[in-house]
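The lines below spell out each chain.
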Amino acid sequence: MQTSEKLKEIYQRLSNHYGPQNWWPAESRFEVMVGAILTQNTNWQNVEKALANLQSAELLSLGSMSELTVEKLAEHIRPAGYYTLKANRLQNLFHLLNEQWDGDLDYFFQQPAMALREQLISVKGIGPETADAIVLYAAEKPVFVVDNYTHRILSRHDIIPRECGYYEIQEILTDNLDEDVHLFNEFHALLVQVGKQFCKKTNPKCDECPLQGLV
Ligand code: SF4
């Protein structure tokens, strides 16, 4: 089977098995950005607790969060772990948005995907995965978000080599899929689902997995 056919088959099987994922779980683009930084190296349940803290303190906006000191912000996001580091990363992002875009998110998100991505990556503490999550899920522009699950699942099915970097994986995906925001949105979310449930780092549960037998 060719790479593009294999990817289509994966998407179809996962889509049939799990149904629509409707990511990102957030009420605003700003919340997506905050969540994308908070979710680094932690699970989503912890992120939800940190977001709930911000919400209950009525702080979940660029204006309010930008005014907090790193120490104060860190207190609110403590459940997400690495809270001082993440508070610094959030403030780095807010600095970019306020200084270069006058805090105008509509204006910021109007940029072409690649320009947006470059700017986000220039922020200390934002790497390719976080930047691409913001471009795809907040700006709704077509970039494929690659993570450890993507790497593991695709390499186990010989779609990518085992030794393969972020951009190489992304290129293989974008070269073999239609450039479509909805497709990229759902596909990434589905890979996370199957990765968490079946395609574990050790002892993958292939017998029960919807991708069982795919060659
Ligand atoms: S658990 Fe097995 S069948 Fe499922 S994605 Fe991983 S390697 Fe493939």
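Residues numbered from 1 in each chain as written. Predicted model: local features only at pLDDT ≥ 70, side-chain atom pairs only at ≥ 80, totals over all residues. Heavy atoms only, no water.

Draft legend 1. Looking closely at the overall build of the protein. A count of helices and strands for the protein gives twelve helices and zero strands. When its helices and strands are written in sequence order, the protein yields α-α-α-α-α-α-α-α-α-α-α-α. Computed over C-alpha atoms, the radius of gyration of the protein comes to 18 Å, within 12% of the 17 Å expected from 2.2 N^0.38 for 215 residues, which places it in the range of a compact globule. With the C-alpha coordinates of the protein rotated into their principal frame, the extents come out at 55 × 35 × 30 Å. Considering only intrachain contacts with a sequence separation of at least 6, the fraction spanning at least 24 residues in the protein is 62%. In the structure as shown, the protein presents an accessible area of about 11,100 Å², 45% of it carried by carbon and sulfur atoms. Of note, the protein has its 19 positive side-chain charges centred 9 Å away from the centre of its 29 negative side-chain charges. (Helix = DSSP H or I, 4+ residues; strand = E, 2+ residues; numbered from the N terminus. Rg over C-alpha atoms; globule rule 2.2 N^0.38 Å. Contact = heavy atoms within 4.5 Å. Areas by Shrake-Rupley, 256 points an atom, 1.4 Å probe, with all protein chains shown as cover. Lys, Arg positive; Asp, Glu negative; His and termini not counted. Charge placed at Lys NZ, Arg CZ, Asp CG, Glu CD.)

Draft legend 2. Examining helix α8 (residues 113-121) more closely. Looking at α8, one finds that the buried residues are Ala113, Leu116, Arg117, Gln119 and Leu120. Down the axis of α8, the buried side of the element spans an arc of 165°, and every buried residue falls inside it. Buried residues along α8 sit in contact with α6 (83-101), α7 (105-109), α9 (128-137) and α11 (166-176). (Buried < 20%, exposed > 50% of the residue type's maximum accessible area, 1.4 Å probe, protein only. Arc of directions from axis to C-beta.)

Draft legend 3. Highlighting the packing of α8 against α9. Packing of α8 against α9 brings their axes to within 9 Å, and their N-to-C directions diverge by 140°. Relative to α9, the element α8 lies oblique. Considering how the two elements wind past one another, α8 and α9 form a crossing that is right-handed. Contact with α8, carried on its side by Ala113, Leu116, Arg117, Leu120 and Ile121, involves Pro128, Ala131, Asp132, Ile134 and Val135 of α9 and no other residues of that element. Of the residues assigned to the contact of α8 with α9, the class counts are eight nonpolar, no polar and two charged. (Axes fitted to C-alpha atoms, helices over the stretch in contact; angles between N-to-C directions. Parallel < 35°, antiparallel > 145°, perpendicular 65-115°, else oblique. Left-handed = near helix turned anticlockwise from the far one by under 90°. Nonpolar A, V, L, I, M, F, W, Y, C, P; charged D, E, K, R; others polar.)

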